[in-house]
Amino acid sequence: MNTTDMSPSDSSNPHGAPDADVLVVGAGPTGLLLAGDLAKSGVDVTLLERRDHESNLSRAFSLHARTLEQFDARGLADGLLRIGTPTWALHPFGRLSIDFSRLRTRFPFILTIPQWQVERALLRRTEEAGATILRGARVTGLRQDPDGVDVDVRHSDGTRATLRARYVVGTDGAGSTVRQSLGMPFPGKSAIRSVMLADVLLDRAPDDIFKFSSNEEGFTFFAPFGDGWYRIVAWDRREQVPDDAPVTLEDVRDITKRTIGSDLGMHDPRWLSRFRSDERQVPHYRQGRVFLAGDAAHVHSPAGGMGMNTGIQDAANLGWKLAAVLHGWA
Ligand SMILES: Cc1cc2nc3c(=O)[nH]c(=O)nc-3n(C[C@H](O)[C@H](O)[C@H](O)COP(=O)(O)OP(=O)(O)OC[C@H]3O[C@@H](n4cnc5c(N)ncnc54)[C@H](O)[C@@H]3O)c2cc1C
């Protein structure tokens, strides 16, 4: 376990020798995979995360074939297959159907699994690989010069520090402080607002899974976690409230009844959330010695489950290249 509490007196080091070769900002799936890959490659990497604890948020719920191949290459796929539920074909809208079983891969399906379980597997690997993980460490700004990057950090006890690295990667999500510190625009648009998410138990299985059941009232969508729990994605056309408005099970029950005629006996929600979905992308993934990856660089409509999957691809792509540069052969 390399989760470290670095005191500010240990770490204030503006313009001195680097504290790490690479600082990765944000321990979501993108940052965890990247820090793990860099550490495995022998790079001195520190992962900074503002949260004090591991995430227990369900959030993204599907892994694509290519993501599972990336996990397989890192010895993680079989463990996730034991927890998740595969779906070989989808019928998301009208007559559209997508048959994954024809893909030439060991994983011809999508795997339904809560995001926190993916993050837990990635975290274990990152720790075992020897990355330093600083929790309760919020990045507040950065400055770069030709030789490195100084990163300002506020610890959860209120103390402040400046860490220096040869490279920084912002994997700090859609509201990325790293992106804002670079002055990088994030052009795009809002795709859909006020979407409700609920992980619930259902007394009756829905007739259709991975299908948007829509009418003039809104839509509902069900994905099975395989252990009796389902993710419901629900949008009520009549009830467009701010993204931070609370969600109740009654809200989800109501729109489910109005779209499919039954609430399927939903009960015991373990997670309820509401979000706004934007479609945005930075014009450049790199500015000098600072990179952006995952949601910090691009955000997507939830349809297709691209968010977590594409972030993991970013990390898998960047990690070995950055390691090659730091090892002096690229
Ligand atoms: C409510 C909700 C539901 C979602 N549902 C789906 C879904 O169904 N399907 C799907 O594909 N995607 C979904 N997403 C999107 C998906 O969760 C993201 O695409 C994915 O988590 C991106 O991973 P990431 O590592 O790039 O960023 P994140 O997972 O956002 O991780 C960023 C990390 O950076 C940390 N951080 C942020 N700022 C700082 C800072 N200044 N200093 C230090 N640390 C910082 C955060 O605490 C966080 O741990 C959902 C997102 C939300 C919010």
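Residues numbered from 1 in each chain as written. Predicted model: local features only at pLDDT ≥ 70, side-chain atom pairs only at ≥ 80, totals over all residues. Heavy atoms only, no water.

1. Quick notes on the overall build of the protein
Now for step 1: Counting secondary structure elements, the protein contains eight helices and 20 strands.
Now for step 2: What you see for the protein is a C-alpha radius of gyration of 21 Å, in line with the 20 Å of a compact globule of 330 residues.
Now for step 3: For the protein, the C-alpha atoms occupy an extent of roughly 65 × 45 × 35 Å along the three principal directions.
Now for step 4: A separation of at least 24 residues holds for 70% of the contacts in the protein among residues at least 6 apart in sequence.
Now for step 5: In the form shown here, the protein has an accessible surface area of approximately 15,100 Å², with 49% of it arising from carbon and sulfur atoms.
Now for step 6: The average position of the 39 basic charges and that of the 42 acidic charges among the side chains of the protein differ by 4 Å. (Helix = DSSP H or I, 4+ residues; strand = E, 2+ residues; numbered from the N terminus. Rg over C-alpha atoms; globule rule 2.2 N^0.38 Å. Contact = heavy atoms within 4.5 Å. Areas by Shrake-Rupley, 256 points an atom, 1.4 Å probe, with all protein chains shown as cover. Lys, Arg positive; Asp, Glu negative; His and termini not counted. Charge placed at Lys NZ, Arg CZ, Asp CG, Glu CD.)

2. Describing the sheet that holds strand S8 (residues 110-112)
Now for step 1: The antiparallel open sheet is built from three strands, whose spatial order is S4-S8-S5. A strand with exactly one partner marks an edge of an open sheet, and here the two such strands are strand S4 (62-63) and strand S5 (85-87).
Now for step 2: Bridge count for S5 against S8 is three bridges, and the pairing is antiparallel. In the sheet register, Thr-85 faces S8, and the bridge partner there is Thr-112. (Pairing = 2+ DSSP bridges.)

3. A word on the sheet that holds strand S20 (residues 298-299)
Now for step 1: Reading across the sheet, the six strands line up as S14-S15-S16-S13-S17-S20 and stay open at both edges, with antiparallel pairing between neighbours. With partners counted over all chains shown, the strands left at the sheet margins are strand S14 (213-215) and S20, one partner each.
Now for step 2: In this structure, strand S15 (residues 218-224) lies alongside strand S16 (residues 229-236), joined through seven bridges in antiparallel fashion. Within S16, the position partnered with Phe-222 by the bridge is Ile-232.
Now for step 3: Packed on one face of the sheet, helix H7 (residues 249-260) meets strand S13 (188-201), S14, S15, S16 and strand S17 (267-281) and runs near 105 degrees to S15. (Axes fitted to C-alpha atoms, helices over the stretch in contact; angles between N-to-C directions.)

4. Looking at the domain arrangement of the protein
Now for step 1: Taken as a whole, the protein is organised into domain 1 (3-58 + 116-186 + 282-326), domain 2 (62-113) and domain 3 (192-278).
Now for step 2: Computed over C-alpha atoms only, the centres of domain 2 and domain 3 are separated by 23 Å.
Now for step 3: Counting residues at the interface gives 11 residues for domain 2, matched by seven residues for domain 3.
Now for step 4: For the pair domain 2 and domain 3, the summed buried area comes to about 750 Å², and 64% of that belongs to carbon and sulfur atoms.
Now for step 5: Between domain 2 and domain 3 we count zero salt bridges in total. (Domains from an automatic or database assignment. Buried area = accessible area lost by both parts, 1.4 Å probe. Salt bridge = Lys/Arg side-chain N within 4 Å of Asp/Glu carboxyl O.)

5. Quick notes on the pairing of S16
Now for step 1: Of all the eight residues making up S16, eight are buried; the element is thus mostly covered by neighbouring parts of the structure.
Now for step 2: The alternating pattern of S16 places Trp-229, Arg-231, Val-233 and Trp-235 on one face and Tyr-230, Ile-232, Ala-234 and Asp-236 on the opposite face, and all of these are buried.
Now for step 3: In terms of strand pairing, S13 meets S16 through seven bridges, oriented antiparallel. Looking across to S16, one finds that Val-200 is bridged to Tyr-230. (Buried < 20%, exposed > 50% of the residue type's maximum accessible area, 1.4 Å probe, protein only.)

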